[in-house]
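Chain by chain, the residues run as shown.
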Amino acid sequence: MRLIDFHRSTQDLDPQLRLFWETPSSNRPITDLRVVEDRLECLSTSGRPLTLDQFRARVQQVPPTASLFTPGPPPQRLYGYRLITHQILLG
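Residues numbered from 1 in each chain as written. Predicted model: local features only at pLDDT ≥ 70, side-chain atom pairs only at ≥ 80, totals over all residues. Heavy atoms only, no water.

Participant: Describe in detail the sheet that holds strand β8 (residues 87-90), supporting the description with residues and values.
Facilitator: With respect to topology, four strands assemble into an open sheet ordered β2-β1-β8-β7, the strand pairing being mixed. Edge strands, defined here as strands with exactly one partner in the open sheet, are β2 (27-29) and β7 (81-84). The average undirected angle you get between the axes of adjacent strands in this sheet is 35 degrees. Two elements, β7 and β8, share four bridges in a ladder whose sense is antiparallel. Note on β8: the bridge partner recorded for L83 is I88. Across the sheet, helix α1 (residues 3-10) lies against β1 (18-22), β7 and β8, angled at about 30 degrees from β7, the strand it touches most. (Pairing = 2+ DSSP bridges. Helix = DSSP H or I, 4+ residues; strand = E, 2+ residues; numbered from the N terminus. Axes fitted to C-alpha atoms, helices over the stretch in contact; angles between N-to-C directions. Contact = heavy atoms within 4.5 Å.)

Spelled out as structure tokens, the structure:
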């Protein structure tokens, strides 16, 4: 999924929704972001999950054509998301 597609599809959602990504064993909070070449990597480190509003603020300078990934090895592309209670779950 490209950043611009994520922005367009979430523009009407609650800005306080928390961001997570889905793994086979659990849902990992997205707590930080890193730009690597043409990728925007969603990182899960210590801390609270980013809200949609915080995510938008942090990616203002990122090219809109950047694709969303989780870190590797190898990095995994994120293709979409679904809404669950108070969360956006990327997968």
